[in-house]
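Inside the fold
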Amino acid sequence: MTAFDGVGLGLRRELLDPVLQHKPDIIDFFEVAPENWLPFGGKLGQKFRALTEQHTFICHGLSLSLGSPDPLDLEFLAAVKAFLNTHQIKLYSEHLSYCSAGGHLYDLMPIPFTSNAARYVAGRIRQVQDILQQQLVIENVSYYAAPGQEMSELDFTLEVLQQADCGLLLDINNVYVNSVNHGYDAKAFIAAMPTKRLVYGHIAGHYRASDTLLIDTHGAAVVDPVWQLLQFAYQQHGEFPTLLERDFNLPELTVLEQELWQIKSLQQQASAQQQSLTPATAGG
């Protein structure tokens, strides 16, 4: 897996031209969904290639459907593998969910929190890793119902990570949204994540439908409780690469830069705190 660090931004097509004209220094890496770029060649494809040749990119997939009862889409996986190779992208992440069952569902559905489902999805993750010949990084997802639940989201996530021997993409906003919607301790969830598997993080905004229902939208600014959880995650696991997701209601790039700088500020605080806790080496 390629080494990357710092602050990232999800690259939407609306941001392509502004970033080509001037990439803000605060952005250390970009993330794209391969599904959003695979169909495009021509001028748009050339612009995208110009960016991937100059800057660090990672991929975050939308349609691998790891928990689906349908067979893995091997044709799609081959296309993703070619895309990763073409753009020399060494990191591919996906959602711990599914989006197909006898047809595409156009949404990320929750996998039942059962030991059987954990074994099933872990086996599919291992199969994907064998095909791609690289580690897959799995994201904890937001969910609004838990059909057939036999174990907690926390225990299910840990079981999948251990059995699949894969990486973790820790989505801080998803933890917060789920903690409000399902009434659990967000800090306890974050603290329980295995540091050795944590590859990078996501942070985003959401919609507050009520005091007890939050909707994960990626369409608003990050709120204070989520920033506080990101700071807590750095304290627990050390500084890790973190990406800002904004999928619609896109403001000017200069507005997004303010949130990117807030990530950087929290990373710098975490790094300084870690250094202050590290015992000085005696000279002699």
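Residues numbered from 1 in each chain as written. Predicted model: local features only at pLDDT ≥ 70, side-chain atom pairs only at ≥ 80, totals over all residues. Heavy atoms only, no water.

A look at the sheet that holds strand β7 (residues 136-139)
Here is the rule we go by: DSSP-based pairing: two strands are paired if at least 2 bridges between them are found. Here a helix means four or more residues in a row that DSSP labels H or I, a strand means two or more in a row labelled E, and each is numbered from the N terminus. To obtain each axis, a line is fitted to C-alpha atoms, and for helices this fit is confined to the stretch in contact; angles are then taken between N-to-C directions over 0 to 180 degrees. Any two residues whose heavy atoms approach within 4.5 Å at even a single point are treated as in contact.
Sheet architecture is closed into a barrel: 8 strands sit in the order β1-β2-β3-β4-β7-β8-β9-β12, paired in parallel fashion. Across the sheet, the mean angle from the axis of one strand to that of its neighbour is 30°, orientation sign disregarded. For strand β2 (residues 29-32) and strand β3 (residues 56-60), the ladder comprises 4 bridges, and the chain directions are parallel. Along β3, the bridge assignment pairs Glu31 with Ile58. Lying over the sheet, helix α6 (residues 172-182) contacts β7, β8 (167-171) and β9 (198-203), oriented at roughly 60° with respect to β8.

Description of the pairing of β7
Going by this rule: Whether a residue is buried, partly exposed or exposed follows from its accessible area with a 1.4 Å probe, protein chains only, as a fraction of its type maximum: under 20%, in between, or over 50%, in that order. Orient the strands so they point away from the viewer, and a crossover whose first-strand-to-second-strand path over the helix runs clockwise is right-handed.
Every second residue of β7 is oriented toward a common face, with Leu136 and Ile138 on one face and Val137 and Glu139 on the other, all of them buried. Examined bridge by bridge, strand β4 (residues 92-95) and β7 share 4 bridges and lie parallel to one another. Paired with Glu94 across the two strands is Ile138, which belongs to β7. The pairing of β7 with β8 spans 3 bridges and is parallel. The partner of Glu139 across the bridge, within β8, is Leu169. Each parallel crossover has a hand, and the one from β7 via helix α5 (residues 153-164) to β8 is right-handed.

Describing α5
The condition that has to hold: Any helix carries an expected span of 1.5 Å times its number of residues minus one.
The terminal C-alpha atoms of α5 lie 16 Å apart, and with 12 residues this matches the ideal 16 Å at 1.5 Å per residue to within 8%. Buried positions along α5 lie against α4 (115-132), β8, α6 and α7 (186-192). Looking one or two places after α5, you find Asp165, whose phi comes out positive at around 55°.

Re the pairing of β4
Of the two faces of β4, the one lined by Tyr92 and Glu94 and the one lined by Ser93 and His95 are each fully buried. Pairing analysis gives 2 bridges linking β3 to β4, with the strands arranged parallel. Counterpart to Cys59 in the pairing with β4 is Tyr92. In this region the chain leaves β3, passes through helix α3 (residues 74-86) and returns to the parallel neighbour β4; the handedness of that crossover is right-handed.

Side note on the side chain of His87
Note the threshold: Counted as a polar contact is a pair of N or O atoms within 3.5 Å, where, for protein atoms, one must be capable of donating a hydrogen and the other of accepting one, and residues adjacent in sequence contribute only when both atoms are in side chains.
Its location among the elements puts His87 in the loop between α3 and β4. Overall, the relative accessible area of 12% leaves His87 in the buried class. Of note is the side chain of His87, whose polar atom sits 3.0 Å from the side chain of Thr52. Non-local contacts of His87, meaning those with residues more than four positions away in its chain, are made with Phe48, Arg49 and Thr52.

Here we look at the nonpolar core
Note the cut-off: Residues belong to one nonpolar core when they are buried, are Ala, Val, Leu, Ile, Met, Phe, Trp, Tyr or Cys, and are joined through side-chain atoms within 4.5 Å.
Counting residues in hydrophobic clusters, the biggest one holds 74 residues, and the most contacted among them are Leu11, Tyr92, Ile125, Phe156, Leu170, Leu230 and Ile263. Aside from chain neighbours lying at most four places away, what touches Leu11 is Leu16, Val19, Phe30, Glu31, Val32, Trp37, Phe48, Leu51 and Phe57.

Points about the environment of Leu256
Here Leu256 lies in helix α9 (residues 253-277). With a relative accessible area of 0%, Leu256 lands in the buried category. Spatially, the C-alpha atoms of Leu256 and Ala221 are 8.7 Å apart, while their sequence positions differ by 35 residues. Setting aside residues no more than four positions away along its own chain, Leu256 makes contact with Leu9, Leu15, Leu244, Arg246, Leu250 and Pro251.

Here we look at the packing of aromatic side chains
We describe a pair of aromatic rings using the distance from one ring centre to the other and the angle between the two ring planes. Note the following rule: Working definition: rings of Phe, Tyr and Trp (its six-membered ring) pair if their centres are within 6.5 Å, and the pair is stacked with planes under 30 degrees apart, edge-to-face with planes over 60 apart, and tilted otherwise.
For the structure on display, the rule yields 10 aromatic pairs. Each ring, one from Phe48 and one from Phe57, has its centre 5.5 Å from the other, and the planes form 85°; the classification is edge-to-face. For Phe48, a relative accessible area of 2% puts it in the buried group. Overall, the relative accessible area of 4% leaves Phe57 in the buried class. Ring centres 5.7 Å apart and planes at 20° place the aromatic pair Tyr184 and Phe189 in the stacked group. With relative accessibility at 23%, the residue Tyr184 sits in the partly exposed group. Three or more aromatic residues joined by ring pairs form one cluster here, namely Phe30, Trp37, Phe48, Phe57 and Phe83.

As for the pattern of salt bridges
Let me state the cut-off plainly: Salt bridge, as used here, is a side-chain nitrogen of Lys or Arg placed within 4 Å of a carboxyl oxygen of Asp or Glu.
Applying the stated criterion to the full structure yields 6 salt bridges. As a salt-bridge pair, Lys47 and Asp17 come within 2.8 Å of each other at their nearest N and O atoms. With Lys47 in helix α2 (residues 42-54) and Asp17 in helix α1 (residues 16-21), this pair connects stretches of sequence that are 30 residues apart. Judged by its relative accessible area of 24%, Lys47 is partly exposed. For Asp17, a relative accessible area of 35% corresponds to the partly exposed category. Residue Asp211 pairs with Arg208 through a salt bridge whose shortest N-O separation is 3.9 Å.

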